[in-house]
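Reading the structure
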Amino acid sequence: MLFSERLLTNIKFANSLAVLTGAGISAESRVPTFRGENGLWKRYRPEDLATAEAFLSNPQLVWDWYRYRRNIISQVTPNPGHYALVDLETHIKDFTLITQNVDNLHRIAGSETIEELHGNIMRNRCVDCNRRYNDNELPHMDVPKCSCGGMIRPDVVLFGDLLPADVLARSIAASRRCDVFISIGTSALVHPAASLPIEAKNCGAYVVEINFEKTVISDRVDESIIGQSGEILPLLINELGFQ
Ligand code: BV8
Ligand code: ZN
């Protein structure tokens, strides 16, 4: 049996459930992760491409990087792991999906209560006036400029950026009040997202991790299930046997 009776009972009777996802849940959709074997950070230096300073000193390079990633993401679709979370959400009264991913796949799959901690690669914003631009509204320039003259950047949270305060506040609140917290496909190395499973644990939640391998939080959670989230999550929904 892949799932303990304790896990199944805790989820079935949970009033409040929070999920944290990372790049691992999108790996089976062929979206590269960051730190795995073929991870993006193995080939590129994050400090050159995904920091606030990098954008200001070399906006063209950072735009090229996000256009490259946007191109990959525009060709992929959600996998059974994303859809299993859509299903789970319909059975839990108070459900919050907190994601570190910027790939929009949870939204495409149909999840409703999504907290995008690190923004969304399909959105853009002006660094000066914060005006939002959809992709098709972007001026055709290597480094698009806003009507106010400011530079436009991808609306993602880079290293050194503060996370959107309202999103972070709702994510912390969900982690503190949930009965069950499920951490899926994240190396739990990037803060403050990585602190959420521990915050949930400290507030009495039953914390489960689903990952391809052990992580830095594996020995601090209640249950650590090793495997592919795209296989495990549909099996979990099946075992829960919601009516
Ligand atoms: C901030 C941009 C205030 C968007 C990203 C406290 C302690 C230590 C450091 C800090 C701290 N507070 C702040 C920091 C600094 C920094 C940080 O955490 N650095 C770390 C690296 C040490 N944090 C920040 O700068 C944050 N800002 O806190 O502001 C501040 C600022 C400075 C100093 C103090 C305070 C901003 C963080 C956001 C950075 N933006 N990306 C983008 O391009 O995507 S981070 C990047 O990593 C992605 O967003 C990604 O989501 C995130 C986390 O990575 P994962 O999703 O976990 O992916 P990873 O590849 O690592 O792991 C994948 C996992 O999946 C693996 O475990 C693998 O085994 C598993 N897996 C693979 N396949 C599968 C699978 N599991 C299941 N099934 C599979 N099939
Ligand atoms: Zn502007």
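Note that residues are indexed from 1 along each chain, following the sequence as it is written. Just so you know, chain letters begin at A and ligand numbers begin at 1, following the order they were written in. Only residues with pLDDT of at least 70 are given local features in this predicted model, and only at 80 or more are side-chain atom pairs given and counted; all residues enter the totals for whole chains, interfaces and linings. Neither water nor hydrogens contribute to the side-chain values; these are computed over all heavy atoms in the structure.

Turning to helix α11 (residues 229-240), a few remarks are in order. Put simply, DSSP H or I for four residues or longer makes a helix, DSSP E for two residues or longer makes a strand, and each gets a number counted from the N terminus. Under the convention used throughout, the expected extent of a helix is 1.5 Å for every residue step, that is, one less than its residue count. Relative to the 16 Å expected for twelve residues at 1.5 Å per residue, α11 spans 16 Å between its end C-alpha atoms, a close match to the ideal helical length. The buried label goes to any residue with under 20% of its type's maximum accessible area, the exposed label to any with over 50%, and the partly exposed label to all in between, with areas taken from a 1.4 Å probe on protein chains only. All of the buried residues along α11 are Ser229, Gly230, Ile232, Leu233, Leu236, Ile237 and Leu240. What makes two residues a contact is simply this: any of their non-hydrogen atoms within 4.5 Å. Those residues of α11 hidden inside the fold are in contact with α1 (5-12), α2 (24-27), α7 (80-89), β7 (180-184), β8 (206-211) and β9 (223-226). A positive backbone phi angle near 55° is found at Gly241, which sits one or two residues after α11.

Glancing now at the packing of aromatic side chains. Two numbers describe a pair of aromatic rings. These are the distance of the centres and the angle of the planes. The pairing test for Phe, Tyr and Trp rings, Trp by its six-membered ring, is centres within 6.5 Å, and the orientation test on the planes gives stacked under 30 degrees, edge-to-face over 60, and tilted for anything in between. Under the defined criterion, the tally for this structure stands at six aromatic pairs. When the centroid spacing of 5.1 Å and the interplanar angle of 45° are considered together, the rings of Phe34 and Trp41 count as tilted. Note on Trp65 and Tyr66: the rings are 6.2 Å apart at their centroids and 70° apart in plane angle, and the pair reads as edge-to-face. When sorted by exposure, Trp65 lands in the same class as Tyr66, which is buried.

Right, let's get into the domain arrangement of the chain. Domains are outlined according to an automatic or database domain assignment. Taken domain by domain, the chain holds domain 1 (1-31 + 78-118 + 162-243) and domain 2 (40-75 + 122-156). A separation of 28 Å is found between the C-alpha centroids of domain 1 and domain 2. Between domain 1 and domain 2, the contact holds seven residues from the first and seven residues from the second. Across the domain 1 to domain 2 interface the summed buried area is about 500 Å²; carbon plus sulfur atoms make up 62%. A pair is scored as a salt bridge if a Lys or Arg side-chain nitrogen falls within 4 Å of a carboxyl oxygen belonging to Asp or Glu. Inspection of the region where domain 1 meets domain 2 yields one salt bridge. With a shortest N-O distance of 3.0 Å, Arg123 and Glu116 are connected by a salt bridge. We call two N or O atoms a polar contact when they sit within 3.5 Å, provided that within protein one can donate a hydrogen and the other can accept it, with sequence-adjacent residues counted only if both atoms are side-chain atoms. Taken together, the connections running from domain 1 to domain 2 amount to one residue pair in polar contact (both at pLDDT 80 or more). Buried area is understood as the total, over both parts, of accessible area removed when two parts are fitted together, assessed with a 1.4 Å probe.

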